[in-house]
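Summary of structural features
One-letter residues, chain by chain:
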Amino acid sequence: MFGQFLNIVVRSIKLDKSLYKDNKNFGEAAIYFAGLIMILDGLAGAVAANTVIKTAVAMSGLTAILTWFVWGLFIYVIGVKLFPDKETKVPFKKVLTAVGFAHAPGLLRFFAVTPDLMIPIIFLTQFWIFASLIISTKQVLNIKSNIKSFGIVFLAFLIIAFLSITFVMSKMNALPISNIS
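Structure report, in brief. What you are looking at is a predicted structure, and each value in this text was computed from that prediction instead of being measured.

Procedures and definitions
Residues numbered from 1 in each chain as written. Predicted model: local features only at pLDDT ≥ 70, side-chain atom pairs only at ≥ 80, totals over all residues. Heavy atoms only, no water. Patch = residues over 30% accessible without salt bridge, like charges linked within 9 Å, V, L, I, M, F, W, Y side chains within 5 Å. Areas by Shrake-Rupley, 256 points an atom, 1.4 Å probe, with all protein chains shown as cover. Salt bridge = Lys/Arg side-chain N within 4 Å of Asp/Glu carboxyl O. Helix = DSSP H or I, 4+ residues; strand = E, 2+ residues; numbered from the N terminus. Buried < 20%, exposed > 50% of the residue type's maximum accessible area, 1.4 Å probe, protein only. Core = buried A, V, L, I, M, F, W, Y, C linked by side-chain atoms within 4.5 Å. Contact = heavy atoms within 4.5 Å.

Once that is clear, we can look at a nonpolar patch on the surface. On the surface, F69, L73, V77, L82, F83, F150, F154, L155, F157 and L158 cluster together into a nonpolar patch covering about 850 Å² of accessible area. If you list the elements that add at least two residues to the nonpolar patch, you get α3 (57-82) and α6 (146-173). Top contributing element to the nonpolar patch by residue count: α6, with 5 residues. Among the structural elements, L82 can be located in helix α3. Judged by relative accessible area, L82 falls into the exposed class, the value being 53%.

Another point: the environment of F92. Following the sequence through the fold, F92 ends up in helix α4 (residues 92-102). Judged by its relative accessible area of 23%, F92 falls in the partly exposed class. In this structure, the C-alpha to C-alpha distance between F92 and L73, residues 19 residues apart in sequence, is 7.6 Å.

Soluble, globular proteins show a tendency: their nonpolar side chains are buried together. Counting residues in each nonpolar core, the largest one holds 40 residues, and the members touching the most others are W71, I75, F101 and L141. Among the elements of the structure, α1 (2-13), α2 (30-49), α3, α4, α5 (115-140) and α6 are those that each provide at least two residues to this core. The leading source of residues in this core is α3, at 7 residues. Beyond its immediate chain neighbours, meaning those up to four positions away, W71 contacts V99, H103, F130, L133, V153, A156, F157 and I160.

For the rest of this paragraph, the subject is the pattern of salt bridges. With the rule as written, the count across this model stands at 4 salt bridges. The salt bridge partner of D16 is R11, with a shortest N-O separation of 3.0 Å. Residue class for R11 comes out buried when judged on its relative accessible area of 13%. Ionic pairing is found between E87 and K144, a salt bridge with its closest N-O pair at 3.4 Å. Within this pair, whereas E87 is found in the loop between α3 and α4, its partner K144 is found in the loop between α5 and α6, the two being separated by 57 residues in sequence. Judged by its relative accessible area of 48%, E87 is partly exposed. On the basis of relative accessibility, which here comes to 61%, the residue K144 falls in the exposed class.

Despite not being glycine, L15 shows a phi value in the positive range, around 60 degrees. Mapped onto the elements of the fold, L15 is located in the loop between α1 and α2. Unlike most non-glycine residues, N142 shows phi in positive territory, near 55 degrees. What makes N142 partly exposed here is its relative accessible area of 24%.

Function-wise, these values are silent; they only describe arrangement.
Structural data, given as structure tokens:
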């Protein structure tokens, strides 16, 4: 079981597109493997961030699970419901699993142990995750075009970024300092 998990992580990091085509990687344990990757990704992000600012490790794990669900939901809605190809018939659970697998490059954030390494490793892994999401989306949704796969992931990213910024801005307006004129 651990060997299968490591195989999925390594193949995701290597951007192996066949990972997402092989149905044996989407068996009973797959959703748990994907969830574990997301939790470890959140913890790795907290470890990297702790080199500069103190971050709550437990909160990072919970945030990673929420992020996983949101990414999966937006990719599913955009790719399966709004802009499907003719051969796009996939359940939400498979999309969610693929999104979790695609976050495996984020585990490399555990190597950001000094402030000098933090920013380059976070940027590198974030772009790597984005590339992995594009590959997983193309393979799982049976999309013919790399550009369409990129568009689905990028649109999901824009929506998530907009919602995140809106949430942060609304919290900033609630701060007492925002009432000072």
